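# Observations on the model geometry
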Amino acid sequence: MEQEQKFIVSSSPHIRDVESIPKIMWTVVLFLAPAAVAGCYFFGWDRFNRTFSFRPVLVVLGAILVAVATEAAMLHLRKQPLRRALDGSAVITGLLFAMVVSPAVPWYVVVFGSFIAIAVGKQLFGGLGHNIWNPALVGRAFVTLAWAEPMTRWWVEPLNPAYATVQAASAATPLSAVSLSKEVSFSIKNLFWGYVPGCLGETSAIMLLLGGIFLIIFKYADWRVPLTYIASTVLLCMAIPYKNAPQWFKSLPWYEEMAFYAFSGGLFLGAFFMATDMVTSPITPKGRFIFALGCGILTALIRKLGGYPEGVCYSILIMNTCVPLIDRFTKPARFGLSTLKAQRQKQSQAKAA
Amino acid sequence: MEKRSFFGELVRGIWKDNPTFVLMIGLCPVLAITTSLKNGVGMAFAATFVLVGSNLMISALARFIPDGVRIPCFIVVIAAFTTIVELVTAAYTPELYKELGIFIPLIVVNCIILGRAEAYASKNPIGLSIADGIGEGLGFLLALVIISSIREVLGAGSLWGYQLVRWNEVTAIKPASIMVLPPGAFLLIGLLLGFFAWRKKRKAEKETAQGYAFQEGIVAEIESAERAKEVAKKEKKEEKSEESSGESQA
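One structure accompanies this document, and this report is about it. (Residues numbered from 1 in each chain as written. Chains lettered and ligands numbered in written order. Predicted model: local features only at pLDDT ≥ 70, side-chain atom pairs only at ≥ 80, totals over all residues.)

## Remarks on the overall build of chain A
Note the cut-off: Numbering of helices and strands runs from the N terminus, with a helix taken as a DSSP run of H or I at least four residues long and a strand as a DSSP run of E at least two residues long. Put plainly, a residue is buried at 20 or more neighbouring C-beta atoms within 10 Å of its own, exposed at 12 or fewer, and partly exposed in between, counting only other residues' C-beta atoms, which are placed from the backbone. Think of it this way: build a C-beta for each residue from its backbone, and any pair within 7 Å is a contact.
Of the regular secondary structure elements, chain A holds 16 helices and two strands. Projected onto its principal axes, the C-alpha positions of chain A cover 80 × 65 × 35 Å. Here chain A, with 353 residues, has 46% of them falling under the buried criterion. Across chain A, the fraction of contacts at a sequence separation of at least 24, relative to all contacts at a separation of at least 6, is 74%.

## Observations regarding the overall build of chain B
What counts here: Radius of gyration means the value over C-alpha atoms here, while the globule rule gives 2.2 Å times the residue count to the 0.38 power.
In terms of regular secondary structure, chain B is built from eight helices and two strands. For chain B, the α and β elements follow one another from N to C terminus as α-α-α-α-α-α-α-β-β-α. The globule rule puts the C-alpha radius of gyration for 250 residues at 18 Å, and the 30 Å found for chain B is more than 25% above it. Projecting the C-alpha coordinates of chain B onto the three principal axes gives extents of approximately 110 × 65 × 25 Å. In chain B, once contacts between residues fewer than 6 apart in sequence are set aside, the share between residues at least 24 apart is 76%.

## A look at helix α16 (residues 337-352) of chain A
The line we're drawing: Working rule for helices: expected span equals 1.5 Å times residues minus one.
When the terminal C-alpha atoms of α16 of chain A are compared, their 22 Å separation across 16 residues agrees well with the 22 Å that a helix rising 1.5 Å per residue should span. Across the 16 residues of α16 of chain A, zero count as buried, placing the element largely on the outside.

## Observations concerning the interface of chain A and chain B
As a reminder, the rule being used: Throughout, the ten residues Ala, Val, Leu, Ile, Met, Phe, Trp, Tyr, Cys and Pro are labelled nonpolar, Asp, Glu, Lys and Arg are labelled charged, and all others, Gly among them, are labelled polar.
Across the contact, six residues belong to chain A and seven residues belong to chain B. Looking at the side of chain A that touches chain B element by element, the count peaks at three residues for helix α5 (residues 135-146) of chain A. Here the residues of the side of chain A that touches chain B sort into six nonpolar, no polar and no charged.

## Description of the packing of α5 of chain A against helix α15 (residues 312-329) of chain A
Residues and elements named next belong to chain A. Going by this rule: Helix axes are fitted to C-alpha atoms over the stretch in contact, other axes to C-alpha atoms as well, and angles between N-to-C directions run from 0 to 180 degrees. We call two directions roughly parallel when the angle between them is under 35 degrees, roughly antiparallel when it is over 145, roughly perpendicular when it lies between 65 and 115, and oblique otherwise. Handedness of a crossing is defined here by the sense of rotation of the near helix relative to the far one, left-handed for an anticlockwise turn of less than a right angle and right-handed for a clockwise turn.
Contact geometry for α5 and α15: axes closest at 10 Å, N-to-C directions at 125 degrees. Taken together, α5 and α15 sit at an angle that is classed as oblique. Where α5 crosses over α15, the two elements pack in a sense that is left-handed. Facing L137, R140 and A141 of α5, the residues of α15 in contact are C313, Y314, I316 and L317. Of the residues in the contact of α5 with α15, the class split is six nonpolar, no polar and one charged.

## Some thoughts on the nonpolar core
So the rule is basically this: The term nonpolar core means buried Ala, Val, Leu, Ile, Met, Phe, Trp, Tyr and Cys residues held together as one set by C-beta atoms within 7 Å.
With 101 residues, the main nonpolar core has L95, A98, M99 and V101 of chain A as its most contacted residues. The contact partners of M99 of chain A, leaving out residues within four places of it in the chain, are A35, A36, G39, C199, L200, G201, E202 and L269 of chain A. Formed by 36 residues, the second largest nonpolar core is a distinct cluster that contains A131, A143, L144 and I147 of chain B.

## Here's the deal with unusual backbone geometry
Residues and elements named next belong to chain A. The backbone of K79 sits at a positive phi, close to 60 degrees, despite the residue not being glycine. Residue position: K79 is located in the loop between α2 (55-77) and α3 (89-99). According to the C-beta neighbour criterion, K79 is exposed, with 6 such atoms within 10 Å. Located in the positive-phi region is K219, a residue other than glycine, with phi close to 60 degrees. Within the element layout of this structure, K219 appears in the loop between α9 (205-217) and α10 (224-239).

## As for helix α12 (residues 254-263) of chain A
An α-helical turn contains 3.6 residues, so any two residues separated by three or four positions project in the same direction. Residue and element names in this part refer to chain A. Those residues of α12 that sit buried are F260, Y261, A262 and F263. Along its buried surface, α12 packs onto α7 (174-179), α8 (188-193), α9, α10 and α13 (267-274). Of the residues trailing α12, G265 is marked for its positive phi of about 65 degrees.

## Some thoughts on the packing of α9 of chain A against α13 of chain A
Residues and elements named next belong to chain A. It is at 9 Å that the axes of α9 and α13 come closest, and there the two elements cross at 15 degrees. Viewed along their axes, α9 and α13 adopt a mutual orientation that is roughly parallel. In this structure, α9 crosses over α13, and the sense of that crossing is left-handed. Contacts between α9 and α13 involve A205, L208, L209, G211, G212 and L215 on the former and, on the latter, F268, L269 and F272. Along the lines of polarity and charge, the residues of the contact of α9 with α13 split into seven nonpolar, two polar and no charged.

## Quick look at the environment of I78 of chain B
Residue and element names in this part refer to chain B. Checked against the element boundaries, I78 lands in helix α4 (residues 70-92). I78 gets classed as buried once you count the C-beta atoms within 10 Å, which come to 24. Residues I78 and M179, 101 residues apart in the sequence, show an inter-C-alpha distance of 32 Å. Sequence-distant contacts of I78, defined by excluding residues within four places in its chain, comprise V50, S54, V108, I113 and L114.

## Focus on the environment of A262 of chain A
All names here are of chain A. With respect to the helices and strands, A262 occurs in helix α12. Judged by local crowding, A262 falls into the buried class, with 21 C-beta atoms found within 10 Å. In this structure the C-alpha to C-alpha distance between A262 and C237, which are 25 residues apart in sequence, comes to 9.6 Å. If we skip the residues at most four places from it in the chain, A262 touches I230, V234 and L267.

So, in structure tokens, the structure goes:
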């Protein structure tokens, strides 16, 4: 019973593109790499002793390795094809997680954080495309609550990392110095290049900006999100004063203060690489705008009025939670619906008349 | 209706109708006080005492309580037993009383106790109601012991207050304090509920598979029986024809 086939019947999508998950993911890894490499240099190279510590490199590689291994193990448990562990998404999560922890954290923070990020944050929800929250930030939120001291106090000086004494005397990040009114000043130039204490991959604004611009050029991220996020955070930060800012910060002119808010903390990393995550951000342009605005407002509120000096992690997580709601309220009208409505209104008016 | 035995009701409460993992009622104290095994066990015994007492009283009084005001009446009975527990813990175990704090008076509004009073004790005889109370209490104890021991080991590195490992070496893993904080409780209970749901699903799948196998078996039996009948008929026919042919020959 063979029939000649005249129509090819298939379900949508009918238009195919050369884009694939591995291609997108590995490109994003490439754009993230400069900031990670810069972090490894700042927190590895000791300019006084002229030695290089491999600790930040180990943190990055360890986080990626644990992330990929966890992904493979969970895929095996869920009876999914194992090759998906190497599609790059687990590598991004591991890399992002390493970039949002201090390079001085103990090994177990890296291992458990990366494990929780993939196992709980991603695979328990159904794997790539089904997770509600950004997995790397889930891992960071977990370890921040689990091991608060290394996560919030153990910072090292760039180009002079003293990992042996980090428990006794640790440096202050720009934001923690300002919010705890410490007289440690930071120049905007250093903030821009990344010569400041902080998380491994968040300090170098220029590298993150470069990666972010490429991300937007390649259309892997929507320009609305980082722009709205950074602008709203900076503006709201300018509006709310610090309770007791140190003297050097008070003497900054307004444009330098704005630059300080933009370049310090994890704002660039969060705005370019985390708030633009395809899985955990809204679909519609209007929704993305609302999402980024919410992130910006929450970040500024946590920075100025909350208990933590930086709020990028929690604000993105909170807004991730709101994404289904935002998507529902910004659903565009179906094609032709507005004309139909107008026609009906006209008809009913004519009838009434 | 199936016949109910004292022992059967008791066991049902522990596993099949476990208040925390299966019925998912009374989760508030489970989340709040399971920071250490001691607290968990103390809470479970307090709740069990109130549960057994209220089940006994309500089952005995059920006939005299008008339907319209039964909930307030149940609450009065439960509150009486809760007050007993509160005063006794305050007098004899002041430390536990301090740790559990508001959650002892809150036993009054615990869903497990009111739920069992409404759903079971008010409709069943006294003996079975006591069994149900003990069973649900033991189920609650089991859940609290599981959750609180995991949380205490992971979150504080100790069990029943005894330090399991010395944590002050630099290389050793420090306990993850998230586990004794509220987010850890939500995370752990979520994972445990997911585990039990997965087990239940797998069991149901197995049972349906067995059911199919059973049906197939029956079908096969019927088919073979029919085949046997047909064979027998044919044989009979052949015999008959042989007989008839024999007769004709004769």
